[in-house]
Amino acid sequence: MSQQPPTTDRPLTTALAEAAAMAGHAPSVHNTQPWRWRVLPDALELRTAPDRALAATDPEGRLLVLSCGAALHHARVALAAEGWTATVERRADPADDGLLARLTGLRHEGVDPTAMRTVQCMQVRHTDRRPVSEEPVPGDALAEIVRAASAEGARLQVLSRDQVLELAATAAHAGTVEAEDSQLRAELEYWTSRSGTGTGLPPEVLPEQAPQTTVPARDFGRPGTLPVGPGHDRAARYGLLYGDEDEPVDWLRAGEALSAAWLTATRYGVSVVPLSGAVEVPGTRQTLRQLLAGLGYPYLVLRLGLADPAHAGPPPTPRLAVAQTVDTSAVRDHLR
Ligand SMILES: Cc1cc2nc3c(=O)[nH]c(=O)nc-3n(C[C@H](O)[C@H](O)[C@H](O)COP(=O)(O)O)c2cc1C
């Protein structure tokens, strides 16, 4: 007797709309949330939101596409948690730059318990820019985080002590270059003064003074109100997310790998802070490439560590209303 796939009485369009909404939890550069979802009767499309691009900081759109990749992974996991599998066509139409991915061929196969747990991680994952505690990151957690990135088609190289020193000099240089650029400063100023809009970085998530870190963190150009304490993040590990090519489809996959690695880290209680300054400046991006000794192209630097358990971390960073990122106009009559 042939086995029937498990069924669901919830319409596909509702699952697609909910997955797109859940993807709103994804991390994004400067909290720009540069994605736009379109729910269709039997498919879900991910597009860029050019009005939330960083024209000065990210002219090629590398970090924009990475952020959208993180949202894509979130949506895929949310669908899997509801029992749906999909075929993902990345950059489905070469003539349409804005179309990043299309999820098609949706089938209800039965809920995936791992995905259900990962959805819980999406709801608590956040960026904590305080120094990490003195506790080292457990080796098994680090191995799982690296494995999660690889499973999504990018790689995460955990850096040696010497490489971290090189990274620190490179990040410091990128910080100097960026601080001298008035267009970059203006863009940062814009995204750090967006209170009430659901985008950008409010003062509550930015450190009230520069935290003591081995690798300089981004200087947001203004102090926030997040208390950082006297700690130094000596126990932090640093990683470089990288891959074989440097094309938009690779950035998209890198974003999916970032999401998978960060959600795995969350499961193990490991805090992740992306550091993109050294990738934004072309000269330092080249230095990072040398740091990889020809292994590939760098996409993002990550700081990994255990958050200080003794003090409360930052509040959640705000998000746009779902209606601003998810277009359900093509299926309005089917939703319930
Ligand atoms: C591609 C990318 C680059 C980022 N670069 C930085 C960075 O350089 N410094 C930093 O403190 N946070 C960085 N972040 C973290 C975002 O600011 C953060 O994800 C966003 O504000 C949403 O907050 P949340 O992660 O707490 O949900 C980056 C995130 C992404 C996805």
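Worth saying up front: this structure is predicted, and the values here are computed from it rather than measured.

1. Details of the site of the ligand
The ligand sits among 23 residues. The nearest are Arg-125, Thr-127, Arg-129, Ser-276 and Arg-319. Here an oxygen atom of the ligand and a side-chain polar atom of Thr-127 are 2.6 Å apart. Contact distances for the ligand include 3.4 Å between an oxygen atom and a side-chain N or O atom of Thr-317. Elements supplying a minimum of two residues to the shell around the ligand: helix 2 (62-81), helix 7 (248-267) and strand 7 (270-275).

2. What to know about the nonpolar core
Core analysis: the largest hydrophobic core is formed by 66 residues, its most contacted members being Trp-37, Leu-46, Leu-79, Leu-241 and Val-270. Counting residues per element, this core draws most heavily on helix 2, which supplies 14 residues. Apart from the residues lying within four places of it in its own chain, the contact partners of Val-270 are Val-137, Ala-141, Ile-145, Ala-265, Leu-304, Gly-305 and Leu-306. With 21 residues, the next largest nonpolar core counts Val-164, Ala-174, Leu-240 and Leu-292 among its residues.

3. As for the pattern of salt bridges
Using the criterion set out here, one finds 20 salt bridges in the structure. In this structure, the salt-bridge partner of Glu-60 is Arg-62, at a minimum N-O distance of 3.0 Å. On the accessibility criterion, Glu-60 (49% relative accessible area) is partly exposed. The class of Arg-62 is buried, set by a relative accessible area of 3%. The salt bridge involving Asp-128 is made with Arg-130; its shortest N-O contact spans 2.7 Å. Across this residue pair, the class does not change: Asp-128 and Arg-130 are buried.

Calculation criteria
Residues numbered from 1 in each chain as written. Predicted model: local features only at pLDDT ≥ 70, side-chain atom pairs only at ≥ 80, totals over all residues. Heavy atoms only, no water. Near = heavy atom within 4 Å. Polar contact = N/O pair within 3.5 Å; in protein donor to acceptor, adjacent residues only side chain to side chain. Helix = DSSP H or I, 4+ residues; strand = E, 2+ residues; numbered from the N terminus. Core = buried A, V, L, I, M, F, W, Y, C linked by side-chain atoms within 4.5 Å. Buried < 20%, exposed > 50% of the residue type's maximum accessible area, 1.4 Å probe, protein only. Contact = heavy atoms within 4.5 Å. Salt bridge = Lys/Arg side-chain N within 4 Å of Asp/Glu carboxyl O.

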